[in-house]
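Topology and contacts: notes
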Amino acid sequence: MYIVIYTLVEASTYDDALATGKTVFDRLVGADPHSFTVFDYYVTFDEEDTTVAGKARWGDLPTTAPVDTDGGQDLLDRGWEATKEEFERNLERVKEAIDELSDQEIMRDENLARHAFHQVGAYDGPTIFLYTEHASGIRHREQLDRILEESKNLWIVPADVHF
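Definitions and limits used
Residues numbered from 1 in each chain as written. Predicted model: local features only at pLDDT ≥ 70, side-chain atom pairs only at ≥ 80, totals over all residues. Heavy atoms only, no water. Phe/Tyr/Trp six-rings, centres within 6.5 Å; stacked < 30°, edge-to-face > 60°. Helix = DSSP H or I, 4+ residues; strand = E, 2+ residues; numbered from the N terminus. Buried < 20%, exposed > 50% of the residue type's maximum accessible area, 1.4 Å probe, protein only. Lys NZ or Arg CZ within 6 Å of the ring centre and 35° of its normal. Arc of directions from axis to C-beta. Salt bridge = Lys/Arg side-chain N within 4 Å of Asp/Glu carboxyl O. Core = buried A, V, L, I, M, F, W, Y, C linked by side-chain atoms within 4.5 Å. Contact = heavy atoms within 4.5 Å.

The next point concerns the packing of aromatic side chains. What the rule picks out here adds up to two aromatic pairs. Aromatic side chains Phe 25 and Tyr 42 sit 5.4 Å apart centroid to centroid with 45° between the ring planes, which places their arrangement in the tilted category. Here Tyr 42 lies in strand S2 (residues 41-44) and Phe 25 lies in helix H1 (residues 14-28), a separation of 17 residues in the sequence. Both residues of the pair, Phe 25 and Tyr 42, count as buried. Arranged with centres 6.4 Å apart and planes meeting at 85°, the rings of Phe 39 and Tyr 131 form a pair that is edge-to-face. Within this pair, whereas Phe 39 is found in the loop between H1 and S2, its partner Tyr 131 is found in strand S4 (residues 130-131), the two being separated by 92 residues in sequence. Residue classification places Tyr 131 among the buried positions, given a relative accessible area of 0%. The ring of Tyr 2 has Arg 57 sitting right over it, with the charged end atom 3.6 Å from the ring centre. Sitting over the ring of Tyr 123, Arg 139 keeps its end group 3.9 Å from the ring centre.

In structure tokens:
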């Protein structure tokens with residue numbers, strides 16, 4: 001499956017932001033020897049030679065943008081809304097499982113209840129769409145707000161990922 005994820009990075013230039021973003025995505029696909037594989041691979045939106053990923057799949061998203069611009073704010077809103085919607089969807093599945101299934105049915109993972117429990121608690125992966133420049137998932141609004149308030153020269157970099 002394919003999704004667009006985003007990383008927030010501090011950088012002074014477009015090129016620095018893109019390079020730092022690619023470093024984050026490298027960590028998320030396990031290219032760094034000290035990282036775990038979260039996604040299979042990624043394509044950033046500066047890659048013009050692909051006909052099946054990035055812009056070819058998702059349209060003309062900015063390659064990177066300062067968060068305080070319209071383009072950057074649009075990417076940030078997309079990433080946060082996707083994270084929030086996926087959390088709420090999985091949380092609803094958890095609540096339904098607790099209300100409707102026995103302990104044994106949950107243990108057997110009927111209706112993928114345990115999977116939903118896992119997704120609600122996820123720190124990275126396909127239910128998290130925003131990442132810090134340290135490849136840590138941004139899981140709640142207060143965390144995002146703190147990053148936005150404390151960071152200077154904040155850029156957002158999107159990537160098309162497969163999981």
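Time to look at helix H6 (residues 141-150). Of the positions making up H6, those classed as buried are Gln 143, Leu 144 and Ile 147. When H6 is viewed along its axis, its buried side chains cluster within an angular range of 100° and face the same direction. Structural note: H6 exposes Glu 142, Glu 149 and Glu 150 on the side pointing more than 90 degrees away from its buried face.

Looking now at the pattern of salt bridges. Pairing between side chains of opposite charge can happen when the charged atoms of each approach one another. According to the stated counting rule, one finds nine salt bridges in the structure shown. Ionic pairing is found between Lys 22 and Asp 46, a salt bridge with its closest N-O pair at 3.1 Å. One end of the pair, Lys 22, is in helix H1; the other, Asp 46, is in the loop between S2 and helix H2 (55-58), with 24 residues separating them in the sequence. The exposure class assigned to Lys 22 is partly exposed, which follows from its relative accessible area of 26%. We classify Asp 46 as partly exposed; its relative accessible area is 27%.

A word on the nonpolar core. Among the nonpolar cores identified, the biggest contains 21 residues, and Ile 5, Phe 25, Leu 28, Phe 39 and Val 161 are the most heavily contacted of them. Those elements that provide at least two residues to this core are strand S1 (2-10), H1 and strand S5 (154-162). In terms of residue count, the dominant contributor to this core is H1 (five residues). The residues contacting Val 161, other than those within four sequence positions of it, are Met 1, Tyr 2, Ile 3, Ile 5, Phe 39, Tyr 41 and Tyr 42. If you look at the next biggest cluster of nonpolar residues, it comprises 15 residues, including Leu 8, Val 67, Ile 138 and Leu 154.

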